[in-house]
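The primary structure of each chain is shown beneath.
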Amino acid sequence: MTAKRRVVVLFGGRSSEHSISCATAGGVLSAIDRDLFEVVPVGITREGAFVLEEDDPARFGLDPERLPMVVDNGSRVRWPDDASTRELSVAHADGRVESLGVVDVVFPILHGRYGEDGTVQGLFELVGLPYVGSGVLASSVSMDKHFTKTVLQHAGIAVAPWATVSAAAFRADPDTALRSAEDLGYPVFVKPARAGSSVGVSRVESPDGLLGAIGDALLHDDRVLIESTVIGREVEIAVLEGRDGSAPRTSVAGEIVVSGRGFYDFDAKYLDAPGIDLVCPAALTDDELDEMARIAREVFAAVGAEGLARVDFFLTEEGFVVNELNTLPGFTPISMFPKCWLASGLAYPDLITELLEIGSARGPR
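The written sequence of each chain sets the order in which its residues are numbered from 1. It should be noted that, the model being predicted, local features are given only for residues of pLDDT at least 70 and side-chain atom pairs only at 80 or more, the latter also being counted only at that level, while totals for whole chains, interfaces and linings use all residues. Each side-chain value is derived from all of the structure's non-hydrogen atoms; neither hydrogens nor water enter the calculation.

**Section: the pairing of strand S2 (residues 37-44)**
Within S2, 7 of the 8 residues are buried, which leaves the element mostly enclosed by the surrounding structure. A pair of strands is labelled paired if DSSP reports no fewer than 2 bridges between them. By definition, any uninterrupted DSSP run of H or I lasting at least four residues is a helix, any uninterrupted run of E lasting at least two residues is a strand, and each is numbered from the N terminus. Relative to S2, strand S1 (residues 5-12) is paired through 8 bridges, and the arrangement is parallel. Residue leucine 10 lies in a different strand from S2, and its bridge partner there is valine 42. Seen with the strands pointing away from the viewer, any crossover whose path from the first strand over the helix to the second strand runs clockwise is right-handed. With respect to chirality, the unit in which S1 leads through helix H1 (residues 18-31) into the neighbouring parallel S2 is right-handed. The pairing of S2 with strand S3 (residues 50-52) spans 3 bridges and is antiparallel. Considered in S3, the bridge of valine 42 is made with leucine 52. Between the antiparallel neighbours S2 and S3 lie 5 residues, among them glycine 48 with a positive phi of about 100 degrees. Residue burial is assigned from relative accessible area. The probe radius is 1.4 Å, only protein chains are included, and a residue is buried under 20% of its type maximum, exposed over 50%, and partly exposed in between.

**Side note on the pattern of salt bridges**
For salt bridges, the criterion is a side-chain nitrogen of Lys or Arg within 4 Å of an Asp or Glu carboxyl oxygen. Under the definition given, this model contains 27 salt bridges. For the salt bridge of glutamate 255 with arginine 233, the shortest nitrogen-to-oxygen distance reads 2.8 Å. Pair noted here: glutamate 255 is in strand S13 (residues 249-258) and arginine 233 is in strand S12 (residues 233-240), with a separation of 22 residues, a long-range link. Residue arginine 233 is classed as partly exposed on the basis of its relative accessible area of 27%. In this structure, the salt-bridge partner of arginine 310 is aspartate 312, at a minimum N-O distance of 2.7 Å. For arginine 310, a relative accessible area of 11% puts it in the buried group. Taken together, the shared-partner salt bridges in this structure form one network comprising Arg5, Arg243, Arg249, Glu354 and Glu357.

**With respect to the domain arrangement of the chain**
Accessible area lost during the coming together of the parts is what is often quoted as the interface size. Taken domain by domain, the chain consists of domain 1 (5-131), domain 2 (140-159 + 231-358) and domain 3 (162-228). Domains are outlined according to an automatic or database domain assignment. The C-alpha-based centres of domain 1 and domain 3 are spaced at 33 Å. The contact criterion used throughout is that any non-hydrogen atoms of two residues lie within 4.5 Å. Contact with domain 1, which involves 4 residues of that partner, is made by 7 residues of domain 3. Buried surface at the junction of domain 1 and domain 3, both sides included, amounts to about 440 Å², of which 43% is carbon and sulfur. Note on definitions: buried area is the accessible-area loss of two parts on being combined, 1.4 Å probe, summed for both. Interface area lost by domain 1 to domain 3 is led by Ser16, Glu17 and Arg113, which between them contribute 90%. Applying the counting criterion to the domain 1 and domain 3 interface returns 1 salt bridge. Across the pair aspartate 221 and arginine 113 runs a salt bridge, and its minimum N-O distance is 3.6 Å. In protein, a polar contact means a hydrogen-donor-capable atom and an acceptor-capable atom, both N or O and within 3.5 Å, with residues adjacent in sequence counting only if both atoms are side-chain atoms; elsewhere, any N or O pair within 3.5 Å suffices. Taken together, the links from domain 1 to domain 3 amount to 0 residue pairs in polar contact (both at pLDDT 80 or more). All residues other than Ala, Val, Leu, Ile, Met, Phe, Trp, Tyr, Cys, Pro, Asp, Glu, Lys and Arg, Gly among them, are scored as polar; the first ten of these are nonpolar and the last four charged. Its residues assigned to classes, the side of domain 1 that touches domain 3 comprises 1 nonpolar, 1 polar and 2 charged.

**Considerations on the UniProt feature "active site" (unreviewed entry) in the chain**
UniProt positions are given in the numbering used here, feature names are shortened, and annotations may be inferred rather than shown by experiment. The UniProt feature table records "active site" (unreviewed entry) at Glu17, Ser197 and Ser335. Serine 335 sits in the buried class, given a relative accessible area of 9%. There is a polar contact of 2.6 Å between the side chain of serine 335 and the side chain of threonine 332.

Below you can see the structure in the form of structure tokens.
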């Protein structure tokens, strides 16, 4: 019988998307193939402490009345002392220290800053641990919406027009932001440059709401984007790294259908608020799906992504416009990334296995 591979499932974190990461952990812990993998659940508290968590998916369900979180239980997970060993250990609250064994691969199901932005990926590389997903550079570039757009625009890929405003520039001259929005034309969207799950995002209909929306976004980052509204269908496609150097694989497309709601916000994504339907597969022609998949592979390659990604588009009368690239997309069982792969014939547990095998095969970077 083949020995089980030891997987660290890492979740929580210091970002505003802490609870979403915990909900993703619940889904992964409940679906991962226990015949193939031994799981070491490691949570990161909001303060940044690495703790040994319970292997209990029920603790991490999303509830509008009680969002899940990692609680500091007094334990401290210790990463390998150097790159010559993959052994983790834990110091318990009572002072006992024990080995958690040699780790085969880390699955960082972290969203937002300090998890999706290359920082924790740098930690894994420093200590020589294989991990799922993109490396430091691709993670960092893709987390920052300004630099994502800059890279994709340079690669000849259509993106929504935008302006970037820093906190310092906004304090010095708020009128610059007003002029940028006027140039783009209302309505505009205001977004933190480095946040996801629609945290801190506002749709602004007129100049009266712009300064307040920028202030809200600056609570989550020190730079914000003001984006032109693109008229078109909101469609998304999931990407998996190809095996043995082959081309990236793409799923069928999904579509976000908004009815009676301003946009696809946090409550609609995760708390089942009304006014949003996730349709998968989306009603596209074969030519449209082929074109969407081709652009998604170009986006994946342009930033040097690895493992997985979700590419979000607007389908306009002139063609596809890339909205965002997510290198660690929402991964709860009802999120679009798993839904698209399920509709493509790859079930949630098998998708988890595929990602772990890709990460394991790559080895330390």
